[in-house]
Amino acid sequence: MGAFVPGLFLGSGLFLASPDAAVRRGHDLAGDVYTADRRYELRVFHWDFGPGQDEWQVLVERRGPLRFVAVDAGCVSATVTSYRSVDAFEPGHARLTTDTGVIDIRFDAQTMHVTDPIPGELCPGD
């Protein structure tokens, strides 16, 4: 039993750390915003594919004491518009600004299902 308990903690630590470490490693973090209760995080990753080929991937994450959930909310491509900032973020809703306007992202805070992702036409080829 004594060997099982440290193994459980070690395994849990690896499980909790691995999604965060694996998500978009090596790409620039263009935006990182938490809700007021710090339970949800909105992360915007920048991918540089060459001149005029930038792309920004948006993830919504929920952090808990035993479970981490990250969902893809879509992306924005510089061939259509460019990401500028996160204007608002609260459980269930995020608002981003791009060169061409505002994008609202909605998700169910309990199930982490994205109900209104970034429109697909803002990231052709995704």
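As the structure is a computational prediction, the values presented were derived from the model and not from experiment.

Reading the values: the criteria
Residues numbered from 1 in each chain as written. Predicted model: local features only at pLDDT ≥ 70, side-chain atom pairs only at ≥ 80, totals over all residues. Heavy atoms only, no water. Helix = DSSP H or I, 4+ residues; strand = E, 2+ residues; numbered from the N terminus. Buried < 20%, exposed > 50% of the residue type's maximum accessible area, 1.4 Å probe, protein only. Polar contact = N/O pair within 3.5 Å; in protein donor to acceptor, adjacent residues only side chain to side chain. Pairing = 2+ DSSP bridges. Axes fitted to C-alpha atoms, helices over the stretch in contact; angles between N-to-C directions.

A.B. asks: Talk me through the side chain of T35; I want residue IDs and the actual numbers.
C.D. replies: As for its position among the elements, T35 is in the loop between β1 (28-34) and β2 (40-48). Looking at T35, the relative accessible area reads 3%, which means it is buried. One polar contact links T35 to D37, side chain to side chain, over a distance of 2.5 Å.

A.B. asks: Could you give an account of the sheet that holds strand β7 (residues 101-107), with specific residues and numbers?
C.D. replies: Across the sheet, which stays open at both edges, the 4 strands sit in the order β5-β6-β7-β8 with antiparallel pairing between neighbours. The two strands at the open ends of the sheet, each matched to only one other strand, are β5 (83-90) and β8 (114-116). Strand-to-strand twist across the sheet, computed as the mean angle between neighbouring axes with direction ignored, equals 25°. Strand direction decides the pairing type here: β5 and strand β6 (residues 93-98), joined by 6 bridges, are antiparallel. Paired with V86 across the two strands is L96, which belongs to β6.

A.B. asks: Requested: an account of the sheet that holds strand β3 (residues 54-63), with residues and values cited.
C.D. replies: Strands sit in the order β1-β2-β3-β4 across an open sheet of 4 strands; the sheet is antiparallel. Each of the sheet's edge strands pairs with one partner strand only, and the pair in question is β1 and β4 (68-77). Along the sheet, successive strands turn relative to each other by an average axial angle of 20°, direction set aside. With 9 bridges connecting them, β3 and β4 associate as antiparallel partners. Its bridge partner being in β4, R62 is matched across the sheet by V69.

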